Amino acid sequence: MKKLLTGLTLAGTLLFSVQPYHVLAEAPPFVQYGQTGLHVSQLAQYDSRAGEGGTEILAYDAASQKAFVTNGAEAGLDILSFAVLTSGEFRQIESIRRIHVADFGLEQVEDITSVASHPSEDLIALAVVSNPKTDPGYIVFLTKSGDYLTHVQVGALPDMVTFSPDGTKALVANEGEPNDDYSVDPEGSVSIIDLTAGVAAESSLNVNTLLFDEKLFDENVRVSSKGSVEQQIEPEYIVVSEDSSTAYVALQENNAVAIIDLQAEKVTAVKGLGEKDHSIPGNELDGKEDGEINIENLPLLGWRMPDAIDTFSVNGQTYIVTPNEGDARDYDAYSEEVKIGEILDQIELNAEHYQGYSQEELDELVEAGLLESMEDTLVTAENGKNDQGIYEALYSFGGRSFSIFNADTMELVYDSGAEFEQIMAEAMPEHFNTTNDKLQFDGRSDAKGPEPETVVTGQIGDSIYAFTALERFGAIMVYDVTDPEASEFVTMISSRDFTVDVGGDVSPEGLVFIDAADSPTGYPLLSATHEISGTVAVYEIQEQLGEPTPIPDVDQEHEAYSYIMELLEREVIDAGEFRPAATLTREDLVVMVSRGLGLEPSDQSGTFTDVHGENASLIQAAYEAGIVNGTADHLFAPEEFITREQMAVIFTRAFHYINEETVETSEVEFMDDEQISGYAKAAAQYAVDLGWMKATEEEFQPKANSSRAEAAEMISLFLNDL
């Protein structure tokens, strides 16, 4: 945690921030944690309305400001316009066209897995999987308006397509997965499509498909599974160097990266990424699903197994960034996954495989029941055995981190170690290691944890940042990698709604960084496709120069600025985004009033089951003081918008609680008096007569809601009256 102390121990760095919204749309809840140099806000959301699989991979075209999004649920492609985006204004984006794979006239095709946008031509490429997936697939070329041009056949299960930066080649990662009964297992390959002659309707294109020669593998490449070596190779993702001379291919199940010379069009090397020793301090993890947060050293060796990799350059040196997700071979006819409890009688751990333990220490841990406490932890059955079939080491899937490698030597330069889980534990402990389709505390600790899915890099100002998506937890970790060996955590963002199992933007699958020069707003953007919710989130990123603004989304010209700053000074609110335009909720108001009054509960267990953390304590204190009531069945309904008459009642009850006296008021006449509920009539009179609330043209508007900015003024006036 040595690198986290500055960014993570500041008060108020956990920011639940619904951004300012367009009159026709409201943003999902937004979290930014550890704000230390970047101000991030959610600018837009696209909802495919297809649910799970509705958005998977996105490509962006700077010239037309269009985004192309694969829709697995509909077996199609959605085209969006980012040209409508305006800095600081949230909006919902609609699709301008949806194309289905059935429209291409291809027989026995099943799905679109990937899309790429040509850097200069009116051309996009789609990776199309055949049915069955073990048959050769296709790359389909369309215009950026979505009109069909031509297609070519490539290897089995094309899982990713990209263009070289110079636009002369399209490259395809043909994963070549087996079918479920393992009766057919194609060889993995990479196809290179020559585009130098251009792509026109019905044009014929040259395709060169490369296979992988075992002679090029180093000793760290993982090929000890079912099938031939060639069948075990499963290309997952391709990134191409800026000069278009070299391609780097992630071989996920093989825990390796292949290097391709694009001038000669041949594979030159396949380098293993090594394992991560979780017995070493700095590489801790929570490897047990036991209902607790316990990030500790354990006798596990994690295969990094990255999915979507990226590259960046510093001072002429290229680096490869890997999100260490992990992926097992798991089919009906064969699975390498096994729980430790299923092989207990076959384990005799040998300290020679671990840097963090002596044999005596290992034996003591085993004798004390460590392995029994990890009985549900998933490991691979393929690795760690000696010649007698005894497991001397336990290999888990993924590294729960991101890594940086020197692209020339493939030497490890940096690994984020245990920081992802440590940050989650500090930022949102009640949702630690939750999964993506269910809010389940500690639910993923025994299997890949937050599961880093993809990473993308981008430059903002003078700094280079790596953005790593956590598929299961539903967040994006941002690190400054300008000095690769000394990379540092900057912030964590999420637009997942953590009040329901699936709400907001859930399970980030693909990331695209849009440079300020290519952005419709003039600021850098980060777009994230979310597989489980079927949504795309677009975030705007601005650098914070000098000291961070305590309230970054309210400038001095804002009419509520002085009131908001007074609440900050009183510690009624924390530093960070205030979201002034968001509609006030029951939780918002009661938490601020309770803080302003300095209330503390006597019953720490709490009455309400639908509020959590510090807010639960503050709401409980207000309930005990008689200031607020709940609903039936011990519910508080924290996200429900609060009406003006309900606000008046809370203010009045709070005033009476502190002053222990009845307030003399004059008779206030409202033109809409008949609309005020009986229980709230006197309170409405108090609130207006004492100046806490205003009546507009003699109307109280009892059923109306208020913005958080309007509430700041009322709360400030109310507290000053005390």
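Residues numbered from 1 in each chain as written. Predicted model: local features only at pLDDT ≥ 70, side-chain atom pairs only at ≥ 80, totals over all residues. Heavy atoms only, no water.

> Outline the overall build of the chain, listing residues and values.
A count of helices and strands for the chain gives 11 helices and 36 strands. In terms of C-alpha radius of gyration, the chain reaches 28 Å, essentially the compact-globule figure of 27 Å for 722 residues. When the backbone C-alpha atoms are referred to their principal axes, the chain occupies close to 90 × 70 × 45 Å. Taken over 722 residues, the chain has a buried fraction of 59%. Sequence separation of 24 or more characterises 60% of the internal contacts of the chain that already satisfy a separation of 6 or more. Surface summary for the chain: the accessible area is close to 28,200 Å², and the carbon and sulfur share equals 42%. A distance of 2 Å separates the average location of the 37 positive side-chain charges in the chain from that of its 133 negative side-chain charges. (Helix = DSSP H or I, 4+ residues; strand = E, 2+ residues; numbered from the N terminus. Rg over C-alpha atoms; globule rule 2.2 N^0.38 Å. Buried < 20%, exposed > 50% of the residue type's maximum accessible area, 1.4 Å probe, protein only. Contact = heavy atoms within 4.5 Å. Areas by Shrake-Rupley, 256 points an atom, 1.4 Å probe, with all protein chains shown as cover. Lys, Arg positive; Asp, Glu negative; His and termini not counted. Charge placed at Lys NZ, Arg CZ, Asp CG, Glu CD.)

> Residues and numbers for the sheet that holds strand E13 (residues 158–163), please.
Spatial strand order, E13-E14-E15-E16: 4 strands in an open sheet with antiparallel pairing. Since the sheet does not close on itself, it has two edges, and those belong to E13 and strand E16 (207–210), each with one partner. Sheet twist, expressed as the average angle between the axes of neighbouring strands with direction ignored, equals 20 degrees. In the sheet, strand E15 (residues 189–194) pairs with E16 via 4 bridges, with the strands oriented antiparallel. Bridge assignment links Val190 to a residue of E16, and that residue is Leu210. (Pairing = 2+ DSSP bridges. Axes fitted to C-alpha atoms, helices over the stretch in contact; angles between N-to-C directions.)

> Residues and numbers for helix H7 (residues 586–597), please.
With 12 residues, H7 should cover 16 Å at 1.5 Å per step; its first-to-last C-alpha distance of 17 Å lies within 8% of that length. The element H7 is extensively covered by neighbouring structure, given that 11 of its 12 residues are classed as buried. Every buried residue of H7 is listed here: Arg586, Glu587, Asp588, Leu589, Val590, Val591, Met592, Val593, Ser594, Arg595 and Leu597. Buried residues along H7 sit in contact with helix H6 (561–569), helix H8 (613–624), helix H9 (644–659) and helix H11 (708–721). One or two positions beyond H7, positive phi appears at Gly598, with a value near 70 degrees. (Expected span 1.5 Å × (residues − 1).)

> Go over the packing of aromatic side chains, please, and point to the residues and values.
Enumeration over the complete set of coordinates arrives at 22 aromatic pairs. Considering the side-chain rings of Phe312 and Tyr319, the 5.4 Å spacing of their centres and the 25 degrees angle between planes classify their relative orientation as stacked. Accessibility assignment for this pair places Phe312 and Tyr319 in one class, buried. Here the aromatic rings of Phe655 and Trp692 are separated by 5.2 Å at their centres, their planes lie at 45 degrees, and the arrangement is tilted. Remark: Trp692 occurs in the loop between helix H10 (681–689) and H11 and Phe655 occurs in helix H9; sequence separation between them is 37 residues. We classify Phe655 as buried; its relative accessible area is 8%. Looking at Arg586, its charged tip hangs above the ring of Phe636, at a distance of 4.4 Å from the centre. (Phe/Tyr/Trp six-rings, centres within 6.5 Å; stacked < 30°, edge-to-face > 60°. Lys NZ or Arg CZ within 6 Å of the ring centre and 35° of its normal.)

> So what's going on with the pairing of strand E29 (residues 412–415)? Which residues, and what values?
One ladder, built from 3 bridges, connects strand E28 (residues 402–406) with E29; its direction is antiparallel. When the sheet's bridge partners are listed, Ile404 is paired in E29 with Tyr414. Here E28 hands over to E29 after 5 residues, with Met410 in that stretch at a positive phi of 60 degrees.

> Would you mind going over the sheet that holds strand E12 (residues 148–156) in detail, with residue names and values included?
Ordered by their spatial adjacency, 4 strands build an open sheet running E9-E10-E11-E12, and the pairing between neighbours is antiparallel. Either end of the sheet is taken by a strand with one partner, and the two such strands are strand E9 (109–117) and E12. Neighbour-to-neighbour, the strand axes of this sheet turn through a mean angle of 25 degrees, independent of strand direction. Pairing between strand E10 (residues 124–130) and strand E11 (residues 136–142): 5 bridges, direction antiparallel. Counterpart to Val128 in the pairing with E11 is Tyr138.

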